[in-house]
Amino acid sequence: MRACVLVFSGLDPSGGAGIQADIEAIAAQGAHALPVVTALTVQDNQRVMEVAPVDAGLLTRQAALLLETMTIRAVKLGIPGSLANAEAVAAIVLRLRARQPALPVVLDPVLASGHGDPLARGDALAALAPLLAVATVATPNLPEAAALGQAACPHMLVTGGHGDGGEVVNRWHSRDGVREWRWPRLPGEFHGSGCTLAASLAARLALGDGIEQALDRAQRACNQALADSYAIAQGQRIPRRIEHRGA
C-alpha cells in the first residue's frame with residue numbers, strides 16, 4: 001500500500017507553488033498526497049494579490065474523513081491562511097498523534113511570497129504559532145528563520161537561497177548540533193522551491209527514511225527540480241518536480 005502524506009496548503013492558480021507543488025513533489029518521491037486546501041489565492045508566478053481562507057469547519061470535516069479511512073504516514077503543512085485554520089490543523093495533528101506519537105510533521109513556515117506579498121489574513125506570524133507547536137521539522141528560509149527566532153521545533157532546516165555567494169548553504173539545527181549542506185547557486189528565480197523541498201521531505205519521512213537521510217534526499221530532489229526548471233511566463237521559473245526522486 002502506498003504511503004500517504006496528509007497535506008494542508010493553499011491553492012496557487014499558476015500551478016507553481018502551493019498544493020499542486022506539494023502533490024507533484026510527493027508523487028515524485030513515490031508517496032501519495034492527501035490534499036486539503038486551506039486558502040484560495042489570486043496570484044501568478046510572480047505576485048500574490050489576494051488570499052481567501054477556506055472555512056475552518058470544512059477543512060476539519062475533510063481531514064476527519066481521511067483520518068477515519070486512511071493510514072497517514074506524515075503531514076506536510078503549508079500556509080494556513082488564517083489563525084482559525086492553523087488552530088484547526090493543529091487540532092487534527094494532535095488527533096493523529098494520539099494514536100501515532102511519532103508521526104512526522106513538516107512545516108514550511110511561509111510568511112510572504114518571494115516579493116513580500118502576505119499569505120494569510122491577519123498576522124501571518126501569529127498564525128504559524130499553533131503549527132510550530134506540532135511540527136517535527138520546519139524549513140524556513142533566512143528571512144523566515146529570523147522572524148521565527150528561537151522557535152521550539154525539534155529540527156529546523158534553514159535554507160540559504162536568500163543569501164549571497166556562489167553556494168546555497170542549508171543548515172540543519174537540532175538538539176545534536178548543526179549540519180550544513182552546500183549546493184551550487186543556480187541562476188534565476190523560482191516559484192515554489194520551498195513547497196518542493198518541504199513536500200519532498202514529508203514524502204521521504206512517510207516512506208520511512210530517518211531524518212538525516214530524508215533531509216539529504218529531499219534537498220537533492222529540490223536542487224535537481226530547480227536545475228531542470230521551466231518557464232510558463234516572464235519571471236520566476238517552475239521547478240520540474242515530477243521526474244525527480246533524489247535517491
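See the structure shown above.
First, a word on what this report is: a plain description of the structure on this page.

1. Here's the deal with the sheet that holds strand 7 (residues 155-158)
Thought 1: Pairing is mixed in the open sheet, where nine strands are placed in the order 3-2-1-4-5-6-7-8-9. Each of the sheet's edge strands pairs with one partner strand only, and the pair in question is strand 3 (48-53) and strand 9 (177-184).
Thought 2: Of the strand pairs in this sheet, strand 6 (residues 137-138) and strand 7 are connected by two bridges, and their pairing is parallel. By the bridge assignment, V137 is partnered in strand 7 with H155.

2. Notes on the pattern of salt bridges
Thought 1: The final tally for this structure, using the stated rule, is nine salt bridges.
Thought 2: Here E180 ties to R182 by a salt bridge, and the two come within 3.1 Å at their closest N and O atoms.
Thought 3: R220 is the salt-bridge partner of D216, the closest N and O atoms lying 2.8 Å from each other. With D216 and R220 both in helix 7 (residues 211-227) and four residues apart, this pair spans about one turn of that helix.
Thought 4: Among the charged side chains, a salt-bridge network with shared partners connects E167, R171, E180 and R182.

3. Focus on the environment of N141
Thought 1: In this structure, N141 sits in the loop between strand 6 and helix 5 (142-148).
Thought 2: C-alpha of N141 to C-alpha of H162: the two residues are 21 residues apart in sequence and 7.0 Å apart in space.
Thought 3: At 2.9 Å, the side chain of N141 forms a polar contact with the backbone nitrogen of E144.

Rules and cut-offs
- Residues numbered from 1 in each chain as written.
- Predicted model: local features only at pLDDT ≥ 70, side-chain atom pairs only at ≥ 80, totals over all residues.
- Heavy atoms only, no water.
- Pairing = 2+ DSSP bridges.
- Helix = DSSP H or I, 4+ residues; strand = E, 2+ residues; numbered from the N terminus.
- Salt bridge = Lys/Arg side-chain N within 4 Å of Asp/Glu carboxyl O.
- Polar contact = N/O pair within 3.5 Å; in protein donor to acceptor, adjacent residues only side chain to side chain.

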